[in-house]
Amino acid sequence: MSMVRPGMAQSGMAQSGIERADIAFEVNGAAVRVSVPPVRRLSQVLRDELRLTGTKVGCDAGDCGACTVLVDGDPVCACLVPAASVTGASVTTVEGLANGRLSALQASFLEHGAAQCGICTPGLLVAATALLERNPTPSEAETQDALGGVLCRCTGYRKIVAAVMQASRHMNGIDLRLPDVGRAVGASPIRLDGVPKVTGDEKFGGDSFPADALSVLVVRSPHYHAGFSFGDLDAWVKAHPGIADVFTAADIPGRNCFGVIGPFADQPALAEGFVRLRGEAVALVAGEREAILDLDLTDFPIAWTELPHVLQPREAKAEGAARIHSHRPANLLTSGYVERGDPERALAGATVTASGAIETSFVEHAYIEPEAGYAYMDGDTLVVVACTQAPYMDRDDTAKVLGLAVDKVRIVPTATGGGFGSKLDVSLQPLIGLVVMKTGRPAALAYTRNESMMSTTKRHPAEMKATIGADAEGRITGMVFEGDFNTGAYASWGPTVANRVPVHASGPYATPNYRATGYAIHTNGPIAGAFRGFGVPQATIMQETLYDELAGKLGMDRLDFRLKNCLRDGCETVTGQRLESGVGIGECLDQLRPHWTRALADAEAFNAIHTASKRGVGVASCWYGCGNTSLPNPSTIKVGISASGDVVLHQGAVDIGQGSNTVITQICADALGLPLDKFKLRSADTAITPDAGKTSASRQTFVTGKAAEKAGRSLREKILRFANVSEQATIALDGANLSIREGDAARRIDLSELKVDADGMVFVAEETYDPPTLPLDAKGQGKPYAVYGYGAQIAELEVDLKLGTVKLIKVTAAHDVGKAINPVLVEGQIEGGIAQGIGMALMEEYIPGRTENLHDYLIPTIGDVPPVEHILVEVPDPEGPFGAKGLGEHVLIPTAPAILNAIRHATGVLVTKVPATPSRILAAIREKEARR
């Protein structure tokens, strides 16, 4: 299809009053002509005028690099390039890299698993293409330098670097053949959804807006706490051509309240009369796309009255502090509690004890795709097409807010450009739904980077204190932990954090006497929600740094101390749960021993000859319960064989980059006994796929994978029963012919002659799996999780003693995954989690009003992540599919404490406010020197 647009309007005035110009240039070898304002961003021209949505927009400020394109062969951020400046130029986007077949670089990305969620992949591919045209065999330093302007939040960069450096090996493309029957589990086929990620065809939330959709702007509070009133909204609308209407809370037809945990739901879709946090939505402006693009909201008729606010839990808990929610005294949302034995007596009798306090900060998810989506009416059903981690939860909350029956709301997830927990909460879904219901027109909304960071959830800041005791042999005797978690203005996942932390705060260690309390405290700060670990990363920093101190007091090697105390098969946890089998933390620590010995020797040798900087080595462990805490946690999977011979997998587990589309299909394929290449995916859609539950809590591989295993086995059983053969039979598909063979006997079934159901299936199975858990009693005793995953990491680093800067040398990560369903995807999860742990440890600190963009808020870049050595430990759990355990959350948990322990090893000081920025490291060093 030609992209030349003859007959487009000539230079002149657009309807919105902005002067336009005819601009002619070349895109991917084809001549194009557009009529747009000369200062229109090239990224907008490519996406909106030419529909080349492979060029992504993550920030509109040149900070993320997702919109990188080539202009006359040079990589540029298209969001910073005015359209007029490319007149006569040649522009190359990701869509122009393949030329009918995958480029060697695209093939290498697939082979290495370098594309996870895929939102940054086009920018990386384009930037790397420019590098490889200059230098086909770049070094690691040259690769990092060329790609340094493109941010990735998922991969940890290491596989990207490897893919670029080894691209020349893929000049003949890539072998797309999939594993044979029964060999899918344990293999590493390329992602089943991988090709669109590298060609630019993948459609994310902002990539498919209908041409006739109204654009929506959200009016948000600039204050932490304020009352407000509107002026003459009708007059304002009339004064602005192209604006359709303004909508406020008064227009909401249902219950103006949502929340991920029903009993705690407390957040209005649009605030009513007052706001509790900066960035809270108060009104919607809907209009034609051009009018919204050019709209200045400074004259919007709203009057604000600032009110007192509190941002710290200690202020919110203080006597006389105003209640942020009238029904929650002392601004306490909820608390979690676990008690076992007599911790005070154990600590009093301990040979050594260690006590401390740690404070952590808000951490921003910083996914490269801001929230985006559109909605429309399909008959009497509202359809919302948007990025999400939890389609069924979105459906239920959107229906409630808009006063619709749940079966009259359909959520169709797009590809999701990173989530990490924040896209579990609804954001724009009820807002665009309201506009559709009020106007009858489709409505579309894409958050700006600023409003995404201002209004969406963060990792809970924590103020923690703990004491741990050990006997003379180095065995833990008791522990007491208490933590205040700043849950912000609304509940979100605060109850989950408060309840999960006390279960996990002991770490994966036998702790016979224990008490832990977690409090979720309301403030007027950002809403704190789910973020990879649900509070466990914060608590692990507290516990693991005290373990180093205890080892030091006992004169024990820090790794040996952990091995002495780690949980083993047959141990009981702090909740009294007996772990009969599948406990892999000891194996993880054992696997680290040679790396630990080598790293300590390297550090000693380095420190003997260097005075300006010192090398340190740290270790930390983790454990994490997969799925909900002591709550129902079901997933349902449906799989069938069509009359034409396709295996159709209704896979409702949203893939946000972790690989569930591929991993769950691998599990189902081996359970069914048919090859992967026979499978066709029907991805998450509340009208089509059964509810596979939310993508969170490291539950999809374990829970949905188990449902997929059950569904595959059930379908196989139905086929074998139909053919009247035993379990030993094999099945095969050849077009519409199904062959069943047992020994010398064979039967052939023509599927096209069988009766089909409403979905066109001739054989179908649907199975649900809900992990067996038990409630926690008043003392937190019970079985909160059916399966735990385990891991341990070593961090090696150097600290500049004059500057306080940290240079990471290497991270070695041993993680027990039960069974690596897809080892390459497992490695990618480990590297990505470590990168986020590095950010949490050293640089990430969200400050409301100051760090609401990707320039001021720092996340790790390609040069910040050191080499990562992954050790895949496979201690199978009988409950998991093929023995598999979850992984996604676990991999981030030990990174920050390992880094903090390494900094203390290098400098002799522990930084007690995280992140450990250079100024905080220097302050701790100076304080130590002052005490001498």
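Calculation rules
Residues numbered from 1 in each chain as written. Predicted model: local features only at pLDDT ≥ 70, side-chain atom pairs only at ≥ 80, totals over all residues. Heavy atoms only, no water. Helix = DSSP H or I, 4+ residues; strand = E, 2+ residues; numbered from the N terminus. Rg over C-alpha atoms; globule rule 2.2 N^0.38 Å. Buried < 20%, exposed > 50% of the residue type's maximum accessible area, 1.4 Å probe, protein only. Contact = heavy atoms within 4.5 Å. Areas by Shrake-Rupley, 256 points an atom, 1.4 Å probe, with all protein chains shown as cover. Lys, Arg positive; Asp, Glu negative; His and termini not counted. Charge placed at Lys NZ, Arg CZ, Asp CG, Glu CD. Pairing = 2+ DSSP bridges. Axes fitted to C-alpha atoms, helices over the stretch in contact; angles between N-to-C directions. Salt bridge = Lys/Arg side-chain N within 4 Å of Asp/Glu carboxyl O. Arc of directions from axis to C-beta. Phe/Tyr/Trp six-rings, centres within 6.5 Å; stacked < 30°, edge-to-face > 60°. Polar contact = N/O pair within 3.5 Å; in protein donor to acceptor, adjacent residues only side chain to side chain. Core = buried A, V, L, I, M, F, W, Y, C linked by side-chain atoms within 4.5 Å. Parallel < 35°, antiparallel > 145°, perpendicular 65-115°, else oblique. Nonpolar A, V, L, I, M, F, W, Y, C, P; charged D, E, K, R; others polar.

A.B. asks: So, the overall build of the protein chain: which residues are in play, and what are the values?
C.D. replies: Helix and strand content of the protein chain: 22 helices and 34 strands. The globule rule puts the C-alpha radius of gyration for 932 residues at 30 Å, and the 28 Å found for the protein chain is close to it. For the protein chain, the C-alpha atoms occupy an extent of roughly 85 × 85 × 60 Å along the three principal directions. Split into buried and exposed, the 932 residues of the protein chain put 63% on the buried side. A fraction of 77% describes how many contacts in the protein chain between residues 6 or more apart in sequence connect residues 24 or more apart. Roughly 32500 Å² of accessible area belongs to the protein chain as shown, and the carbon and sulfur atoms make up 50% of that amount. With 87 positive and 107 negative side-chain charges, the protein chain shows a spacing of 3 Å between the two charge centroids.

A.B. asks: Tell me about the sheet that holds strand β24 (residues 613-625), residues and numbers included.
C.D. replies: Here four strands make up an open sheet; going across it, the order is β24-β32-β33-β34 and the pairing mixed. Looking at the sheet topology across the chains shown, the edges are occupied by β24 and β34 (868-873). Between one strand axis and the next, the sheet turns through 15° on average, direction left out of account. For β24 and strand β32 (residues 788-800), the ladder comprises 13 bridges, and the chain directions are antiparallel. Counted as the bridge partner of Gly618 is Ala795 from β32.

A.B. asks: Can you lay out the pattern of salt bridges for me, pointing to particular residues and giving the numbers?
C.D. replies: Taken as a whole and assessed by the stated rule, the structure comprises 47 salt bridges. Among the ionic pairs, Arg314 bridges to Glu463, the shortest N-O distance being 2.8 Å. Within this pair, whereas Arg314 is found in helix α9 (residues 313-317), its partner Glu463 is found in strand β21 (residues 462-470), the two being separated by 149 residues in sequence. What makes Arg314 partly exposed here is its relative accessible area of 46%.

A.B. asks: Residues and numbers for helix α4 (residues 140-147), please.
C.D. replies: Along α4, the positions that sit buried rather than exposed are Thr143, Gln144 and Leu147. Angular distribution of buried residues about the axis of α4 spans 95°; they occupy a single face of the element. Residues of α4 that are exposed and point over 90 degrees away from its buried face: Ala141 and Asp145.

A.B. asks: Could you give me a rundown of the packing of aromatic side chains, with the residues and numbers involved?
C.D. replies: Inspection of the entire model under this criterion finds 14 aromatic pairs. Seen from their ring centres, Phe230 and Phe300 are 6.4 Å apart, and the 90° between their planes marks the pair as edge-to-face. With a gap of 70 residues between them, Phe230 in strand β8 (residues 226-230) and Phe300 in the loop between α8 (289-293) and β12 (302-306) connect regions that are remote in the sequence. Both rings, one in Phe702 and one in Tyr769, keep their centres 5.8 Å apart while their planes meet at 70°; by these two values the pair is edge-to-face. One end of the pair, Phe702, is in helix α19 (residues 700-723); the other, Tyr769, is in strand β31 (residues 761-769), with 67 residues separating them in the sequence. Owing to a relative accessible area of 0%, Phe702 belongs among the buried residues under this scheme.

A.B. asks: Account for the environment of Arg532, naming residues and giving values.
C.D. replies: Examined against the element boundaries, Arg532 turns out to sit in the loop between β23 (514-522) and α15 (536-554). Separated by 165 residues in sequence, Arg532 and Ala697 place their C-alpha atoms 7.4 Å apart. If sequence neighbours within four positions are ignored, Arg532 has contacts with Phe420, Arg459, Pro537, Gln829, Gly832, Gly833, Gln836, Gly888, Glu889, Val891 and Leu892. In terms of polar contacts, Arg532 uses its side chain to reach the backbone carbonyl oxygen of Gly888, at 2.8 Å.

A.B. asks: Before we move on, can you summarise unusual backbone geometry with the specific residues and values?
C.D. replies: The step from Val914 to Pro915 runs through a cis peptide bond, and the omega angle for that step is 15°. With respect to the helices, strands and loops of the structure, Pro915 is situated in the loop between α21 (895-907) and α22 (918-931). Although it is not a glycine, Asn28 adopts a positive phi angle of roughly 50°. Assignment of secondary structure puts Asn28 in the loop between β2 (19-27) and β3 (30-36). Look at Asn28 and you get partly exposed, because its relative accessible area is 27%.

A.B. asks: Requested: an account of the sheet that holds strand β7 (residues 214-220), with residues and values cited.
C.D. replies: Strands in a sheet are paired, the pairing made by backbone hydrogen bonds, and the direction either parallel or antiparallel. Spatially, the seven strands line up as an open sheet ordered β9-β11-β7-β19-β16-β17-β18, and their pairing is mixed. Each end of this open sheet is capped by a strand with a single partner; those strands are β9 (243-247) and β18 (409-413). On average, each strand axis in the sheet is tilted by 25° relative to the strand beside it, whichever way the strands run. Pairing between strand β17 (residues 381-386) and β18: five bridges, direction parallel. Residue pairing in the sheet places Ala386 in a bridge with Pro413 of β18. Contacts from helix α11 (residues 391-402) reach β17 and β18, with the element oriented near 145° to β18. The strands touched by helix α12 (residues 429-439) are β7, β9, β11 (281-287), β16 (372-378), β17 and β19 (443-446); relative to β16, the strand with the most contacts, the crossing angle is about 35°.

A.B. asks: Residue-level account of the environment of Gln651, with values.
C.D. replies: Mapped onto the fold, Gln651 is located in strand β26 (residues 647-651). A relative accessible area of 0% means that Gln651 is categorised as buried. Considered as a pair, Gln651 and Ala684 are 33 residues apart in the sequence and their alpha carbons are 6.0 Å apart. Setting aside chain neighbours within four positions, we find Gln651 in contact with Ile637, Ser660, Asn661, Ile664, Leu681, Arg682, Ser683, Ala684, Thr689 and Thr704. A polar contact is formed between the side chain of Gln651 and the side chain of Asn661, at a distance of 2.9 Å.

A.B. asks: Quick one: what's the story with the nonpolar core, residue by residue and with numbers?
C.D. replies: Judged by nonpolar contacts, the single largest core of 156 residues is most densely connected at Phe109, Phe481, Ile585 and Ile899. If you tally residues by element for this core, the top one is α15, at nine residues. Beyond its immediate sequence surroundings of up to four residues, Phe109 is in contact with Ala114, Ala115, Thr121, Leu124, Leu125, Ile160, Ala163, Val164 and Val198. Counting residues in hydrophobic clusters, the runner-up holds 45 residues, among them Ile664, Phe679, Phe702 and Ala765.

A.B. asks: Residue-level account of the environment of Leu132, with values.
C.D. replies: Locating Leu132 in the fold gives a position in helix α3 (residues 121-134). Counting along the chain gives 367 residues from Leu132 to Asn499, while the straight-line C-alpha distance between them is 50 Å. With near-sequence residues (within four places) excluded, Leu132 lies in contact with Leu105, Pro138, Val164 and Ala167.

A.B. asks: Tell me what's going on with the packing of helix α16 (residues 558-565) against helix α17 (residues 585-609), and back it up with residues and numbers.
C.D. replies: A pair of packed helices is characterised by two quantities: the angle between their axes and the separation of those axes. Relative orientation of the contacting elements α16 and α17 amounts to 170°, with a least axis distance of 10 Å. Looking at the two axes, α16 sits roughly antiparallel to α17. Facing Arg558, Leu559, Asp560, Arg562 and Leu563 of α16, the residues of α17 in contact are Gly586, Leu589, Asp590, Leu592, Arg593, Trp596 and Leu600. Looking at the contact of α16 with α17, its residues break down into six nonpolar, one polar and five charged.

A.B. asks: Give a detailed account of the packing of α15 against α16, specifying residues and quantitative values.
C.D. replies: Taken N-terminus to C-terminus, the directions of α15 and α16 make an angle of 105°; their axes are 9 Å apart at the nearest point. Taken together, the axes of α15 and α16 are roughly perpendicular relative to one another. Here Glu544, Tyr547, Asp548, Leu550, Ala551 and Leu554 of α15 lie close against α16, whose contacting residues are Arg558, Phe561 and Arg562.

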